[in-house]
Amino acid sequence: MERTFLMIKPDGVQRGLIGEIISRFERKGLQLSAAKFMVIDQELAESHYEEHKGKGFYEPLLEFIASGPVFAMVWQGDNVIALTRALIGKTDALEALPGTIRSDFAVHTNFNLIHGSDSAANAEREIGLYFSPSELVNYEHTIQRWV
Ligand code: IDP
Ligand code: MG
């Protein structure tokens, strides 16, 4: 069982896509472990995206990600990191495969709707930035044996 951090960005919230996006993970058979509707401050934005510091899109990205509410989540399931990255699609909307979230709804790379952890190490780091251990809900997800 693996965990990942997923976050609907300010553009996804403003476009009314929270339900649409979450339903894709639910239908896949993944298990929701935590969720929080919040506005990111500058310090959290910098920590989240520290790997991109110095890149051309870094400063606009920080401004964008803190520009309005986001919907932060933890999901779990077998291979959940790779599975959710596949459902999300490539970073550039032009390269995202049809049927993925970014292909279906995004036009520009800087408004690509959702963040998803790209490795187990980053997932644990990002979960820790947004959630305390007590906010992760442990429960039996009865469909797991059918997926
Ligand atoms: P990812 O979200 O698919 O993991 P990363 O390479 O980690 O993509 O980039 C983080 C975020 O930075 C992207 O989701 C996107 O919002 C933004 N970004 C990345 N590359 C570009 C770019 O070339 N132009 C504008 N924004 C970018
Ligand atoms: Mg990334």
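The coordinates are above.
Not measured: the values here are computed from a predicted model. (Residues numbered from 1 in each chain as written. Chains lettered and ligands numbered in written order. Predicted model: local features only at pLDDT ≥ 70, side-chain atom pairs only at ≥ 80, totals over all residues. Heavy atoms only, no water.)

> I tried to follow the sheet that holds strand β1 (residues 2-8) on my own but got confused; where do I start?
Strand-to-strand pairing in sheets goes through backbone hydrogen bonds, with the strands running parallel or antiparallel. Read across the open sheet, the 4 strands follow the order β2-β3-β1-β4; overall the sheet is antiparallel. Looking at which strands have only one partner, the edges of the open sheet turn out to be β2 (31-38) and β4 (114-116). With strand direction ignored, the average angle separating the axes of adjacent strands in the sheet is 15°. Sheet topology places β1 next to β4; 3 bridges connect them, and they run antiparallel. Its bridge partner being in β4, Ile8 is matched across the sheet by Ile114. Helix α2 (residues 18-28) rests against β1, β2, β3 (70-77) and β4 of the sheet, and its axis sits at about 5° to β3. On top of the sheet, helix α5 (residues 80-88) reaches β1, β3 and β4; it is set at about 30° to β1, its chief contact. (Pairing = 2+ DSSP bridges. Helix = DSSP H or I, 4+ residues; strand = E, 2+ residues; numbered from the N terminus. Axes fitted to C-alpha atoms, helices over the stretch in contact; angles between N-to-C directions. Contact = heavy atoms within 4.5 Å.)

> Even after reading the chapter, I still don't get the site of ligand 1, so can you show me in this structure?
As a matter of local geometry, ligand 1 sits amid Lys9, Tyr49, His52, Phe57, Leu61, Arg85, Thr91, Arg102, Thr109, Asn110 and Asn112. Lys9 places a polar side-chain atom, nitrogen or oxygen, 2.8 Å from an oxygen atom of ligand 1. Between ligand 1 and Thr91, the relevant distance is 2.5 Å, taken from an oxygen atom to a side-chain nitrogen or oxygen of the residue. Partitioning the shell around ligand 1 into residue classes produces 3 nonpolar, 5 polar and 3 charged. (Near = heavy atom within 4 Å. Polar contact = N/O pair within 3.5 Å; in protein donor to acceptor, adjacent residues only side chain to side chain. Nonpolar A, V, L, I, M, F, W, Y, C, P; charged D, E, K, R; others polar.)

> Honestly, the pattern of salt bridges in this entry has me stumped. Any pointers?
If the charged atoms of two oppositely charged side chains come close together, the side chains can form a pair. Applying the stated rule across the entire model yields 5 salt bridges. Measuring nitrogen to oxygen at the nearest pair gives 2.7 Å for the salt bridge that ties Glu124 to Arg3. Taken together, the positions of Glu124 in helix α7 (residues 120-130) and Arg3 in strand β1 put the pair 121 residues apart, joining distant regions of the chain. Since its relative accessible area comes to 39%, Glu124 is described here as partly exposed. (Salt bridge = Lys/Arg side-chain N within 4 Å of Asp/Glu carboxyl O. Buried < 20%, exposed > 50% of the residue type's maximum accessible area, 1.4 Å probe, protein only.)

> Quick question: what am I supposed to make of a nonpolar patch on the surface here?
On the surface, Leu32, Val137 and Tyr139 cluster together into a nonpolar patch covering about 240 Å² of accessible area. Accessibility expressed as a relative area gives 38% for Tyr139, which makes it partly exposed. (Patch = residues over 30% accessible without salt bridge, like charges linked within 9 Å, V, L, I, M, F, W, Y side chains within 5 Å. Areas by Shrake-Rupley, 256 points an atom, 1.4 Å probe, with all protein chains shown as cover.)

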